[in-house]
Each structure stands twice: as C-alpha cells, then as structure tokens.
Amino acid sequence: MPFGYRRSVELRTLRYFVAVAEELHFGRAATRLHMSQPPLSRAMKRLETEVGALLFARSPAGVTLTAVGAVLLDEARALLDHADRVRVRVTAAAGVATLTIGILGDSTDPGATRLAAAYRRSHPGVDIRIRDTDLTDPTCGLRVGLVDVALTRAPFDESALTVRELRTDPVGVVLRADDPLAGRGRLQLADLADRRWFQFPPGTDPIWQSYWNGGVPREGPVVRVVQECLQAVLWNGTVGLAPLGHDLGAELVVVPLIDMAPSRVVAAWNEGDTNPLIRSFIEIATTAYRH
C-alpha cells in the first residue's frame, strides 16, 4: 500500500473509503453502506491516521478527494476486486449454494425489490451475494467472473453473454433547475449539440459510452458513478442523461428526450452457464419486472 502503510487495513475499511470517495458525501455513503454516519466518519479518520495523510478535503462546499485519496482510491478498487475474485473462486470450490448478483445503478428500483422478495420466497436456502458496481462496467463483472448474473442496462457489447430484456424506460436529459432549457416540456438531442457531456474512463465499453452520449462523440468530465454525473451537472452545467422516474432533488430537473432510444433494463449472464440458480433467477426476474 502507498504512503507508508505500516499496519494491515481491513477490507471493510477500504469498502467504506471507496463508498465515501465515490459519493463525495458522508451521509450518502453511510446510506449506501447501510450504517450511520458517525462510525463511518470515525473509520475514515482512523484510516487517514494510518495512511499519514488527509484523504478528503472537507469544506462548507462539500467533500473532495485529495491527491493522496485519489491514489488510494485506485489501489483500493484493485484490492477489493481481487478479494471479490478470490471469494467467488473459493465459494465455487466449496460447492456452497450461492448466487452473486451484480447490480448497476439504482438498487431501489421497484422491479428489483419485487425480484428480491420473490427469489427469497422461492429459494430460502440460497445465499445471495450482491455486488454494487459503478458505471464503468455495464456487465457488473460478468466477464471476469465476479458475478453470476447482472441486473443492468443495455446497450453494451453482448458477445459471449446471454441477455434478457426485462423492461424499457424512456430517457431524459438532466439539467440544472435554472438552465434555460429546464422549462421545456421535451427536448431533442440537437438541442444539446453545443453542450458538454459526461464521459466514462478510457477502456469503457464503446457501445455503452456511445448510448449515454446520444450516439455522437462528445467532450466533458470523466465520471464513474451516478453521483459524479449529477455533481457534474450541478457544478459545471454538464449534460447528463437518466431514465425517467427518478427524484433528483429540487436543484436538478429531467426533461424527456423525444428522439433518444429507451434504456433497456436487462438481466445478463455468461453464455453457456448452466447454473440452475441463474435459470430460476431469470424466470422470476422476467415476472417481477412485468408488474
């Protein structure tokens, strides 16, 4: 580990750090981690003491990563990904009845809520593992064996994958509430031609990137998670896209795009995977997302 680590750091603490670093808000990170904010803040203070440097710059305007924090974020993500791969391989070797589900984006989707309840009723003895992923990998780790099945959004490169469409959602443009276009009842992509759009990091699936850029090469800030997209809109006036139906707060609005293809909610799994838990998951998911 960088910056003079002398003690071992629990993976749990690294997961806490990544959540705060991605949300850039202690309250939202605590909600994401299903914990209260004070112990999360204390854990980050202890981590900064162990690192020997500040990881977050705190100010009345909010929380930002320091240069040290940015380096640790890259290292922590790599370590946690490796730990997840180890867990998946060991679980498979042990023959334990588990199903690892990758979830991209909003896990409070009512379809996902119905699916969770229905799957638990049908498979009470199965250990369900959830891997919440950022926007840089729409397959949620399927290709590298981190998950068995993904609840995600298309389009993306579907080679060597099987994809089942569960629902389609219309898409709108996320704008500041004081943006001149915010009061319009609907927009077209051409109305946004002179705007900056968010980008995903190099190496991100180009089909996925193209969709969220409206099919045209764009320029703009690089983001990894939904909150970074929203903050880019709020602070820089960057164009963001989002499925309709999400409450983004009074400072942001979503205006429907009439010439944007709908966002497809899908379940995906590796082609040829015969795991019966996946088959039953897909059947239940298809029903749960119809309602």
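For the structure given in this document, a descriptive report is provided here. Chains are numbered independently. Their residues run from 1 in the order of the written sequence. Note on the predicted model: pLDDT of at least 70 is required for a residue's local features to be given, and 80 or more for side-chain atom pairs to be given and counted; whole-chain, interface and lining totals, by contrast, use all residues. For side-chain calculations, the full set of non-hydrogen atoms in the structure is used, while hydrogens and water are omitted.

1. Looking at the overall build of the protein chain
Applied cut-off: The secondary structure listing takes helices from DSSP runs of H or I that are at least 4 residues long and strands from runs of E that are at least 2 residues long, numbered from the N terminus. Relative accessible area decides the class of each residue, using a 1.4 Å probe on protein chains only: under 20% of the type maximum gives buried, over 50% gives exposed, and in between gives partly exposed. Note on contacts: a residue pair is in contact if any heavy atoms of the two residues lie within 4.5 Å. Surface accessibility in these figures is a Shrake-Rupley result with a 1.4 Å probe; residues are shielded only by whichever protein chains are displayed.
Assigned secondary structure in the protein chain consists of 8 helices and 10 strands. Every one of the 291 residues in the protein chain was classed for burial, and the buried ones make up 46%. When contacts within the protein chain are restricted to residue pairs at least 6 apart in sequence, those whose partners lie at least 24 apart make up 70%. Carbon and sulfur atoms form 55% of the exposed surface of the protein chain, whose accessible area is close to 14600 Å².

2. What about the packing of helix H5 (residues 110-122) against helix H8 (residues 276-288)?
How two helices sit against one another is set out by the angle between their axes and by the gap between those axes. Rules: To get an axis, fit a line to the C-alpha atoms, keeping to the stretch in contact for a helix; angles then go from 0 to 180 degrees between the N-to-C directions. Here the angle decides the label: under 35 degrees means roughly parallel, over 145 means roughly antiparallel, 65 to 115 means roughly perpendicular, and every other value means oblique. Each crossing gets its handedness from the near helix: less than a right angle anticlockwise from the far helix is left-handed, clockwise is right-handed.
Axis separation between H5 and H8 bottoms out at 9 Å; the angle between their running directions is 135°. By the criterion of interaxial angle, the relationship of H5 to H8 is oblique. Considering only the axes of H5 and H8, their crossing is right-handed. Taken together, the residues of H8 that come into contact with H5 (itself represented by Gly111, Arg114, Leu115, Ala118, Tyr119 and Ser122) are Leu277, Ser280, Phe281, Ile284, Ala285 and Ala288.

3. Brief notes about the environment of asparagine 270
Relative to the elements of secondary structure, asparagine 270 occurs in strand S10 (residues 263-270). On the basis of relative accessibility, which here comes to 23%, the residue asparagine 270 falls in the partly exposed class. Not counting residues within four places of it along the chain, the set of residues in contact with asparagine 270 comprises Leu142, Arg143, Ala160 and Leu161.

4. Digging into the pattern of salt bridges
Put simply, the rule reads: The working definition used for a salt bridge is a side-chain nitrogen of Lys or Arg within 4 Å of a carboxyl oxygen of Asp or Glu.
According to the stated counting rule, one finds 13 salt bridges in the structure shown. For the salt bridge of arginine 264 with glutamate 165, the shortest nitrogen-to-oxygen distance reads 3.0 Å. Taken as a pair, arginine 264 in strand S10 and glutamate 165 in strand S6 (residues 161-169) lie far apart in primary sequence, 99 residues in all. The exposure class assigned to arginine 264 is partly exposed, which follows from its relative accessible area of 25%. The exposure class assigned to glutamate 165 is partly exposed, which follows from its relative accessible area of 42%. Look at the salt bridges and you will find they share partners, linking Asp109, Arg153, Arg167 and Asp169 into a network.

5. A short note on the nonpolar core
Condition: The criterion is simple. A nonpolar core is a set of buried Ala, Val, Leu, Ile, Met, Phe, Trp, Tyr and Cys residues joined through side-chain atoms within 4.5 Å.
In this structure, Val173, Leu187, Leu192, Trp212, Leu241 and Leu257 are the most contacted members of the largest nonpolar core, which totals 32 residues. Of all the secondary-structure elements, those providing two or more residues to this core are strand S5 (149-154), strand S7 (171-176), helix H6 (206-212) and S10. Excluding residues that lie within four positions of it along the chain, tryptophan 212 makes contacts with Arg153, Val171, Trp197, Phe198, Phe200, Leu241, Ala242, Pro243 and Ser263. Within the second largest apolar cluster, 23 residues are counted, among which are Phe17, Phe26, Ala43 and Val51.

6. Digging into H8
The following threshold applies: Helix span, expected: 1.5 Å multiplied by one less than the number of residues in the helix. N or O atoms closer than or at 3.5 Å make up a polar contact, with two conditions inside protein: a donor-capable atom paired with an acceptor-capable one, and, for residues adjacent in sequence, both atoms drawn from side chains.
Along its 13 residues, H8 runs 18 Å from first to last C-alpha, staying within 8% of the 18 Å computed at 1.5 Å per residue. Of the residues making up H8, those classed as buried are Leu277, Ile278, Ser280, Phe281, Ile282, Ile284, Ala285, Thr286 and Ala288. Tucked into the core, H8 has its buried residues touching strand S3 (98-104), H5, S5, S6 and S10. Where H8 begins, one side-chain oxygen reaches toward the backbone nitrogen of leucine 277, 2.9 Å away; that side chain belongs to asparagine 275.

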